[in-house]
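Chain by chain, the residues:
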Amino acid sequence: MRLFVGLGNPGSKYEGNRHNIGFMVLDEMARRPGFSPWRRRFQGETSEGVLDGERVILLKPATYMNESGRAVQEAANFFKLGESDVVVFHDEIELPPAKVRVKVGGGIAGHNGLRSISSHVGNEYKRVRMGVGHPGVKELVHIHVLNDFAKAERPWVEALCSIVSDNAALLAQGKDSAFQNKVHLAMDAKGFGPKDETSDK
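It should be emphasised that the depicted structure is a prediction, and the values quoted were computed from it without experimental measurement.

Calculation notes
Residues numbered from 1 in each chain as written. Predicted model: local features only at pLDDT ≥ 70, side-chain atom pairs only at ≥ 80, totals over all residues. Heavy atoms only, no water. UniProt positions renumbered as here; feature names shortened; annotations may be inferred. Buried < 20%, exposed > 50% of the residue type's maximum accessible area, 1.4 Å probe, protein only. Contact = heavy atoms within 4.5 Å. Pairing = 2+ DSSP bridges. Helix = DSSP H or I, 4+ residues; strand = E, 2+ residues; numbered from the N terminus. Axes fitted to C-alpha atoms, helices over the stretch in contact; angles between N-to-C directions. Polar contact = N/O pair within 3.5 Å; in protein donor to acceptor, adjacent residues only side chain to side chain. Parallel < 35°, antiparallel > 145°, perpendicular 65-115°, else oblique. Left-handed = near helix turned anticlockwise from the far one by under 90°. Phe/Tyr/Trp six-rings, centres within 6.5 Å; stacked < 30°, edge-to-face > 60°. Lys NZ or Arg CZ within 6 Å of the ring centre and 35° of its normal.

**Q** Before we move on, can you summarise the UniProt feature "site: Discriminates between blocked and unblocked aminoacyl-tRNA" (unreviewed entry) in the chain with the specific residues and values?
**A** In this structure's numbering, the residues bearing the UniProt feature "site: Discriminates between blocked and unblocked aminoacyl-tRNA" (unreviewed entry) are Asn9. We classify asparagine 9 as buried; its relative accessible area is 7%. Not counting the four nearest positions on each side in its chain, asparagine 9 is found in contact with Tyr14, His19, Asn20, Phe23, Tyr64, Met65 and Leu146.

**Q** Go over the sheet that holds strand 5 (residues 86-92), please, and point to the residues and values.
**A** Strands in a sheet are paired, the pairing made by backbone hydrogen bonds, and the direction either parallel or antiparallel. Sheet architecture is open: 7 strands sit in the order 2-3-4-1-5-7-6, paired in mixed fashion. The sheet is open, and its two edges are formed by strand 2 (39-41) and strand 6 (100-104), each paired on a single side. On average, each strand axis in the sheet is inclined to that of its neighbour by 30°, with strand direction left out of account. Sheet topology note: the strand 2/strand 3 (residues 44-51) ladder contains 3 bridges and is antiparallel. If you follow arginine 40 over to strand 3, its bridge partner there is glutamate 45. Strands in contact with helix 2 (residues 68-79) are strand 1 (2-6), strand 2, strand 4 (54-61) and strand 5; relative to strand 4, the strand with the most contacts, it is inclined by about 150°.

**Q** So what's going on with the side chain of arginine 2? Which residues, and what values?
**A** Along the chain, the position of arginine 2 falls in strand 1. Owing to a relative accessible area of 17%, arginine 2 belongs among the buried residues under this scheme.

**Q** Explain the side chain of arginine 129 to me, using residue names and the numbers behind them.
**A** Among the structural elements, arginine 129 can be located in strand 7 (residues 126-131). With relative accessibility at 10%, the residue arginine 129 sits in the buried group. There is a polar contact of 3.1 Å between the side chain of arginine 129 and the side chain of glutamate 92.

**Q** I'd like a rundown of the UniProt feature "binding site: tRNA" (unreviewed entry) in the chain, residues and numbers included.
**A** Here the UniProt-annotated "binding site: tRNA" (unreviewed entry) positions come out as Tyr14, Tyr64, Asn66 and Asn112. Tracing the sequence through the fold places tyrosine 14 in the loop between strand 1 and helix 1 (21-30). If sequence neighbours within four positions are ignored, tyrosine 14 has contacts with Asn9, Asn20, Tyr64 and Leu146. When you line up the elements, asparagine 112 lands in helix 3 (residues 112-121). For asparagine 112, the side chain forms a polar contact with the side chain of asparagine 66, separated by 3.5 Å.

**Q** Describe the packing of helix 1 against helix 5 (residues 154-166), with residues and values.
**A** For the pair helix 1 and helix 5, interaxial distance at closest approach is 9 Å and the crossing angle is 55°. Classified by the angle their axes make, helix 1 and helix 5 are oblique. Once helix 1 is placed against helix 5, the crossing between them reads as right-handed. Only Trp156, Val157, Leu160, Cys161, Ser162, Val164 and Ser165 of helix 5 make contact with helix 1, whose side of the interface consists of Ile21, Met24, Val25, Glu28 and Met29.

**Q** I'd love a proper account of the packing of aromatic side chains, names of residues and values included.
**A** Inspection of the entire model under this criterion finds 6 aromatic pairs. Taken together, a centroid distance of 6.1 Å and an interplanar angle of 80° make the contact between tyrosine 14 and tyrosine 64 edge-to-face. Of this pair, tyrosine 14 sits in the loop between strand 1 and helix 1 while tyrosine 64 sits in the loop between strand 4 and helix 2; the two residues are 50 residues apart in sequence, bridging distant segments of the chain. Plain terms: the ring middles of phenylalanine 42 and phenylalanine 79 are 5.7 Å apart, the flat faces sit at 70° to each other, and that makes the pair edge-to-face. Of this pair, phenylalanine 42 sits in the loop between strand 2 and strand 3 while phenylalanine 79 sits in helix 2, and the two are 37 residues apart along the sequence. A single burial state applies to phenylalanine 42 and to phenylalanine 79, both of which are buried. Three or more aromatic residues joined by ring pairs form one cluster here, namely Phe42, Phe78 and Phe79. Note that lysine 60 overlies the ring of phenylalanine 23, its terminal NZ or CZ placed 5.5 Å from the centroid. For the cation-ring pair, arginine 127 lies above tyrosine 125, with the distance from its terminal atom to the ring centre recorded as 4.2 Å.

Now the structure itself:
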């Protein structure tokens, strides 16, 4: 079993924010055949389904970003899951828009959602880092991630949510490199490949 966690802030005020791309991806996954309707539990919302034989629980914490770890810990404890069973989908300012990278463990790069999860369940969970770009100066980061995606960005955001969902079974199976490669090639084929490879970190 895998616990797929999408990070974001609850409520209509935040739903279009860059910080909420994790919620957007899970919403798209939950629309796929075989996933149950969302229901309230574990201080958030969950949907359950099966991806290529692997049972997956989708979780959107309703605790606000800075307390995401409370919901993740509650769900992980209930299902008796370890850090390695947890996959977190989140925005990443250190990657160009539309770029996706998967890693296990490592630093949190100032991301309050990751900080909360690491403090509650440990640090060795899988992160699906989805690039939303950097505003250029540190002082503008907070405003950048809590602003909605621009209208011009929405086509790649929708494509990314769909492509990540299409290939999510690979993550459930632990085939991270194959997942990352398929997402990259599919985004590239749609014309959404990152333009600035030098800013990839």
